[in-house]
Amino acid sequence: MGPPHVQEVPAVTTTPQAVRRASPRTRRAATPPDPARALLPNADPVRMLDEHGNRLPDRADYAEPPIDTLRELYRRMVIGRRFDTQATALTKQGRLAVYPSARGQEACQVGAMLAVRPTDWVFPTYRESMALVSRGIDPVEVLTLLRGDWHCGYDPAARHTAPQCTPLATQTVHAAGLAYGEAYQGRDTVALAFIGDGATSEGDFHEGVNFAAVFKAPVVFFVQNNRYAISVPLSRQTAAPSLAYKGVGYGVPSEQVDGNDPVAVLAVLNRAVAHARAGNGPFLVEAHTYRMEPHTNADDATRYRDGAEVDAWRDRDPVNRLAAYLRHAGAWDDAAEAALAAEAEAYAADLRARMNTQPTVDPLSLFDHVFAEPTPQLREQREQIRAELAAEDEQGTDDEQGAR
């Protein structure tokens, strides 16, 4: 018996001519559109000014804010920096227990406040003191927490501003929940949550972003990437091209911006807030910035970063950058600068004077607002403290009478 018959199969032709002969439908099916493309940030951080304050070419994707708005942005940045410097000095005088400086991050701190309405909600971290005074909150009330007098010195409901949050990333869940509730009731409120680069490694960050994405909550997650989570460098936080890419996995559009470019920060946040307010769900913005001071006054930053790195970022100073741009545009001069410097000094002097007054604190207030209905254990502890205080007062009275 001879070998079985084998039918020859003609070779598949893949010449350029064959590709051109393929139907349009076949070609489209071979390269389906990427659903993540609309979510991706720009490959490079958005910039509108160079390091010297020179205007870069116009962008089609972001509109430059009006010049009057930029003048107000600069004014608040200068006053915010003077506040920050004064608060740092207060720690050295024993008037504050601790203070996390935001020097170097003025464009982010103030730009964020100009992008939202007074009726929008802000969820700050412990580093947002400058942002809060820019929002118009009394600086003494802002520093109450860091002074150790009270958990929060201002009325959150009246200010539409949550208490400053010390645990990392828990405010992202709060922001998502509030924004969803506001949208559910038909309000056009936007919630803006400040986040540090280290907080993006926390579970609450992922839960908050995921919830907001699924339920289209109008939240702007604003990540200030200042390169260090205390002493932990960014390289130990993520292997992603940038933190802005973290939004893609949840279906959240994202953007990255030069956080030391005040014009670009405000332009990007304006669009992010408009996106959320229009009912399109959350938006994530990463600002590349740098804190010039240590993590807090209790930190020694020289142990984990060198002076050359700090000097390089000093050359990108956001305050000087915007000042140069306004002067180039003919919107600022020496007289305006002198008037603003005087205003900032008066602001700092008033803060010093009021912080030098020792507050009167009732120790029993420690038990207020812990629970809506105090627990039996809390009542018992309060009574113990009350009895101890009464005994001290009685002993003091006896000693005074004995001295007579």
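Preceding block: the structure.
Residues numbered from 1 in each chain as written. Predicted model: local features only at pLDDT ≥ 70, side-chain atom pairs only at ≥ 80, totals over all residues. Heavy atoms only, no water.

**Thoughts on the overall build of the protein chain**
- Looking only at helices and strands, one finds 15 helices and seven strands in the protein chain.
- Relative to the 2.2 N^0.38 estimate, which gives 22 Å for 404 residues, the radius of gyration of the protein chain is 28 Å and therefore markedly larger than a compact globule would have.
- Seen through its principal axes, the protein chain has C-alpha atoms that stretch 130 × 65 × 50 Å.
- The buried share of the protein chain, reckoned over its 404 residues, is 44%.
- Considering only residue pairs separated by 6 or more positions, the protein chain has 76% of its internal contacts joining residues 24 or more positions apart. (Helix = DSSP H or I, 4+ residues; strand = E, 2+ residues; numbered from the N terminus. Rg over C-alpha atoms; globule rule 2.2 N^0.38 Å. Buried < 20%, exposed > 50% of the residue type's maximum accessible area, 1.4 Å probe, protein only. Contact = heavy atoms within 4.5 Å.)

**Examining the environment of Q185**
- Within the element layout of this structure, Q185 appears in the loop between α9 (170-184) and β2 (191-196).
- As a C-alpha pair, Q185 and E388 span 203 residues in sequence and 49 Å in three-dimensional space.
- At a separation of 3.3 Å, a polar atom in the side chain of Q185 contacts the side chain of R187. (Polar contact = N/O pair within 3.5 Å; in protein donor to acceptor, adjacent residues only side chain to side chain.)

**Considering helix α11 (residues 262-277)**
- In a regular helix each residue adds 1.5 Å, so 16 residues correspond to 22 Å; α11 covers 22 Å between its end C-alpha atoms and thus fits that length.
- Of all 16 residues in α11, 13 are buried, a share of seventy percent or more.
- A positive phi of about 90 degrees marks G279, the residue just after α11. (Expected span 1.5 Å × (residues − 1).)

**Considerations on the environment of G111**
- For G111, the position within the fold is in helix α4 (residues 106-115).
- As for G111 and G136, which are separated by 25 residues in sequence, their C-alpha atoms are 14 Å apart.
- Once residues within four sequence positions are removed from consideration, G111 is found in contact with L73, E106, L266 and L269.

**What to know about the sheet that holds strand β3 (residues 219-225)**
- Strand order in the open sheet made by the five strands is β1-β2-β3-β7-β6, with parallel pairing throughout. In this open sheet, the two strands that pair with only one neighbour each are β1 (121-123) and β6 (254-258). Neighbour to neighbour, the strand axes of the sheet diverge by 20 degrees on average, direction disregarded.
- Bridging between β1 and β2 involves three bridges; their strand directions are parallel. The partner of F123 across the bridge, within β2, is A193.
- Lying on the sheet, α9 is in contact with β1, β2 and β3; it crosses β2 at an angle near 170 degrees. (Pairing = 2+ DSSP bridges. Axes fitted to C-alpha atoms, helices over the stretch in contact; angles between N-to-C directions.)

**Observations regarding the pairing of β6**
- Counting buried residues along β6, five of its five residues qualify, which places the element largely inside the surrounding structure.
- By the alternation rule, side chains of β6 split into S254, Q256 and D258 and E255 and V257, which are all buried.
- When β6 meets strand β7 (residues 283-288), the two strands line up parallel, connected through five bridges. In the strand pairing of β7, Q256 is matched with E286.
- In terms of handedness, the path from β6 via α11 over to β7 forms a crossover that is right-handed. (Right-handed = clockwise from strand over helix to strand, strands pointing away.)

**Focus on a nonpolar patch on the surface**
- Residues Y180, Y184, F211, V214 and F215 make up a contiguous nonpolar surface patch of about 530 Å² in total accessible area.
- Structurally, Y184 can be placed in helix α9.
- With a relative accessible area of 67%, Y184 lands in the exposed category. (Patch = residues over 30% accessible without salt bridge, like charges linked within 9 Å, V, L, I, M, F, W, Y side chains within 5 Å. Areas by Shrake-Rupley, 256 points an atom, 1.4 Å probe, with all protein chains shown as cover. Salt bridge = Lys/Arg side-chain N within 4 Å of Asp/Glu carboxyl O.)

**Looking at the packing of α4 against α11**
- α11 packs onto α4 with a crossing angle of 35 degrees between their chain directions and a minimal axis gap of 9 Å. In terms of crossing hand, the pair formed by α4 and α11 is right-handed. Between α4, through A107, C108, G111, A112, L114 and A115, and α11, the contact on the second element is made entirely by P262, V265, L266, L269, N270 and V273.
- Grouping the amino acids of the contact of α4 with α11 by side-chain chemistry returns ten nonpolar, two polar and no charged. (Left-handed = near helix turned anticlockwise from the far one by under 90°. Nonpolar A, V, L, I, M, F, W, Y, C, P; charged D, E, K, R; others polar.)

**Some details on the pattern of salt bridges**
- Per the stated rule, a full pass over the model turns up 22 salt bridges.
- Linking D61 and R59 is a salt bridge whose minimum nitrogen-to-oxygen distance equals 2.9 Å.
- What makes D61 partly exposed here is its relative accessible area of 28%.
- With a shortest N-O distance of 2.7 Å, R81 and D317 are connected by a salt bridge. With a gap of 236 residues between them, R81 in helix α3 (residues 67-92) and D317 in the loop between α12 (307-314) and α13 (318-328) connect regions that are remote in the sequence.
- For D317, a relative accessible area of 12% translates into the label buried.
- Through salt bridges with shared partners, a single ionic network connects R47, E51, D258 and R321.

**Focus on unusual backbone geometry**
- The backbone of K216 shows a phi angle near 50 degrees, a positive value even though the residue is not glycine.
- For K216, the position within the fold is in the loop between α10 (203-214) and β3.
- Located in the positive-phi region is I230, a residue other than glycine, with phi close to 60 degrees.
- Counting through the fold element by element, I230 comes out in the loop between β4 (228-229) and β5 (232-233).

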